[in-house]
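Examination of the molecular architecture
The primary structure of each chain is shown beneath.
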Amino acid sequence: MKPTSELELAELIADAKTPLQIKGGGTRLMGLPDGNVLDTSGLCGITLYEPGALTLVAQAGTPIAEIETALAAENQRLAFEPADLRDVLGTSGTSTLGGVAASNASGPRRISAGACRDFMLGVRFVDGLGDVVKNGGRVMKNVTGYDLVKLMSGAHGTLGVLSEVSMKVLPSVEMQLCLRIKGLDPLRAVAAMSAALGSPFEVSGAAYDVDGAVSLRLEGFEASVRYRAAQLVGVLAEFGPIEALDDQDLCTQIWCDIRDARRFKNTQGDLWRISVKPSDAPNVLSALNPSQAQLDWGGGLIWLTMPSGTDVRAKMTVAGHATLMRASAETFSTRARFHPEPAPIAKLSADLRARFDPKALLNPSLMGGLS
């Protein structure tokens, strides 16, 4: 099923009798397929773009690459830098706006600019009964209905199928600069990232890999970036020698690799994505002893690989959310993709699903533990 209009999408859902697997570009699929495929890539095209108002509206199936090209022509960007997970998940296809919004896909700049949901101004979607719902607006001045807009971001299509998304965009930057500190253990790395993020020098990226290297990103006008970098080097002097990289292509490559978790391409074992309090990241790594790991968001986001079938959640010694991103069919058949929700939140989630999808048609295999 591949609708080409919102009306057709509504009719297909209203007539559905069996579960539906919602698919945009197919780049973020996790686990085992469940239900008839409902392909939203036919809902395509930018319907409104006002650079002066920093506003873009597009149908849910619009490729992110098309949106980024249109923005780049006006020297603008999606500040939350959505990840492209095709390499690490072994998927193909084209990343779409609907998939990004439904999964709240947010890259390294989340720590400074905010997440995808923070840039969503409005949505149109079809609920599990086939009713079209509109919430929020198309411009930044219209702030009505934000709660429902944010609710759809991170629901992974379990509450409704997005047909249109309104986004706030931001200007591009003149330059970026990357500071690198090598030879740190996880505890010292988190301390260095925390010191950088706690400084007044506007760090827009803070990541670490278990090979011992911390990467910090500064962005903006060149004079400002170079001044802030010099000041930050002084703040971080206690952590060892600091290398400054101002090659723009190299900096872009470093942060694209971090954003897309490319170090885990073709690695063995299960791939997990864990969200924790940054100061707890070293404890998680110590408890799990992963074969490979990467920290982003100053330590708040952990990517790691573990032997196939490992119950990561049982081994975690701190509070957090562990999502199983890539595994064998056997592991996916026995492990929930998303972290189990506490009972009060699980009750709220069930009530929401009963309201928006009473027939349990939309991505039923993903229900529970959504972010």
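The residue numbers shown here count from 1 along each chain, following its written sequence. Given that this is a predicted model, residues contribute local features only at a pLDDT of at least 70 and side-chain atom pairs are listed and counted only at 80 or more, while totals for whole chains, interfaces and linings are drawn from all residues. Remark: hydrogens and water are excluded; side-chain values derive from all non-hydrogen atoms of the structure.

So, the nonpolar core
Among the buried residues, those of types Ala, Val, Leu, Ile, Met, Phe, Trp, Tyr and Cys that are joined through side-chain atoms within 4.5 Å form a nonpolar core. Only protein chains enter the accessibility calculation, which uses a 1.4 Å probe; a residue is then buried when its area is under 20% of its type maximum, exposed when over 50%, and partly exposed in between. Ranked by size, the top nonpolar core spans 40 residues in total, and within it Leu216, Leu232, Ile274, Ile302 and Leu304 carry the most contacts. In this description a helix means any DSSP run of H or I spanning at least four residues, a strand means any run of E spanning at least two, and both kinds are numbered starting from the N terminus. The dominant element in this core, judged by the number of residues it contributes, is helix H8 (residues 186–197), at 5 residues. Contact definition: two residues touch when any of their heavy atoms are within 4.5 Å. Ignoring sequence-local partners within four residues, the contact set of isoleucine 274 consists of Val284, Leu288, Gly300, Leu301, Ile302, Leu304, Val312, Met316, His321 and Ala322. Counting residues in hydrophobic clusters, the runner-up holds 30 residues, among them Ala58, Ile64, Ala79 and Val133.

Quick look at the pattern of salt bridges
We count a salt bridge whenever a side-chain nitrogen from Lys or Arg sits within 4 Å of a carboxyl oxygen from Asp or Glu. Going through the model one piece at a time under the given rule, you end up with 15 salt bridges. The residue glutamate 222 makes a salt bridge to arginine 226 at a minimum N-O spacing of 3.0 Å. Residue glutamate 222 and its partner arginine 226 are both found in helix H9 (residues 222–235); the two are separated by 4 residues, about one turn of the helix. For glutamate 222, a relative accessible area of 35% puts it in the partly exposed group.

Brief notes about the side chain of aspartate 357
Relative to the helices and strands, aspartate 357 is located in the segment after helix H14 (343–356). Asp and Glu are treated as the negative residues and Lys and Arg as the positive ones, with His and the ends of the chain left uncounted. Lysine 359 provides the closest opposite charge to the buried, salt-bridge-free aspartate 357, at an N-O distance of 7.2 Å. Within polar-contact distance, the side chain of aspartate 357 engages the backbone nitrogen of leucine 362 at 2.9 Å. N or O atoms closer than or at 3.5 Å make up a polar contact, with two conditions inside protein: a donor-capable atom paired with an acceptor-capable one, and, for residues adjacent in sequence, both atoms drawn from side chains.

Quick notes on helix H10 (residues 248–259)
Between the first and last C-alpha of H10 there are 16 Å, a value that for 12 residues agrees with the 16 Å anticipated at 1.5 Å per step. Residues of H10 that are buried: Cys251, Ile254, Trp255, Cys256, Ile258 and Arg259. Where the residues of H10 are buried, they touch strand S10 (175–181), strand S11 (203–209), strand S12 (213–220), strand S13 (242–245) and strand S15 (292–296). Phi turns positive, to about 50°, at alanine 261, one or two residues after H10. For a helix, the expected span equals 1.5 Å multiplied by the residue count minus one.

Side note on the sheet that holds S11
If DSSP finds at least two bridges between two strands, the strands pair. The strand order across the open sheet formed by 8 strands is S13-S10-S12-S11-S15-S16-S14-S17, and the pairing between neighbours is antiparallel. On the outer flanks of this sheet lie S13 and strand S17 (320–326), each paired with one strand and no other. The mean angle between the axes of side-by-side strands here comes to 20°, regardless of whether they run parallel or antiparallel. Two elements, S10 and S12, share 7 bridges in a ladder whose sense is antiparallel. Bridging across to S12, leucine 177 finds its partner in leucine 218. Here an axis means a line fitted to C-alpha atoms, over the contact stretch when the element is a helix, while the angle between two N-to-C directions is reported on a 0 to 180 degree scale.

Notes on helix H1 (residues 6–15)
Among the residues of H1, Glu6, Leu9, Ala10 and Ile13 are the ones counted as buried. With its buried residues spanning 100° around the axis, H1 presents them on a single face. Exposed side chains of H1 directed beyond 90 degrees from the buried face belong to Leu7 and Asp15. In this structure, the buried residues of H1 make contact with strand S1 (20–23), strand S2 (36–39), strand S6 (120–126), strand S7 (132–136) and strand S8 (161–168). When we speak of the arc, we mean the arc of directions from the helix axis to the C-beta atoms.

A few points about the environment of isoleucine 242
Relative to the helices and strands, isoleucine 242 resides in strand S13. When the C-alpha positions of isoleucine 242 and lysine 150 are compared, they lie 39 Å apart, and in sequence the two are 92 residues distant. What isoleucine 242 contacts, discounting residues up to four positions off in sequence, is Leu179, Arg180, Ile181, Val233 and Leu236.

Side note on the packing of aromatic side chains
Only rings of Phe, Tyr and Trp enter the pairing, Trp through its six-membered ring, and a pair is recorded when the two centres are within 6.5 Å. The plane angle decides the type: under 30 degrees is stacked, over 60 is edge-to-face, the rest tilted. Counted according to the given criterion, the structure contains 2 aromatic pairs. With centroids separated by 5.7 Å and ring planes inclined at 40°, the aromatic side chains of phenylalanine 80 and phenylalanine 119 adopt a geometry described as tilted. A residue pair is termed long-range when its members are at least 10 positions apart, and phenylalanine 80 in the loop between strand S5 (76–77) and helix H3 (86–89) and phenylalanine 119 in helix H6 (residues 116–119) qualify at 39 residues. Overall, the relative accessible area of 2% leaves phenylalanine 119 in the buried class. Here the aromatic rings of phenylalanine 125 and phenylalanine 356 are separated by 6.2 Å at their centres, their planes lie at 50°, and the arrangement is tilted. Taken together, the residues span a long stretch of sequence, with phenylalanine 125 in strand S6 and phenylalanine 356 in helix H14 at a distance of 231 residues. Over a ring means this: the NZ of a Lys or the CZ of an Arg is within 6 Å of the ring centre and within 35 degrees of the ring normal. Directly above the ring of phenylalanine 356 sits arginine 355, whose terminal nitrogen or CZ lies 5.3 Å from the centroid.

Shape descriptors only; they carry no functional weight alone.
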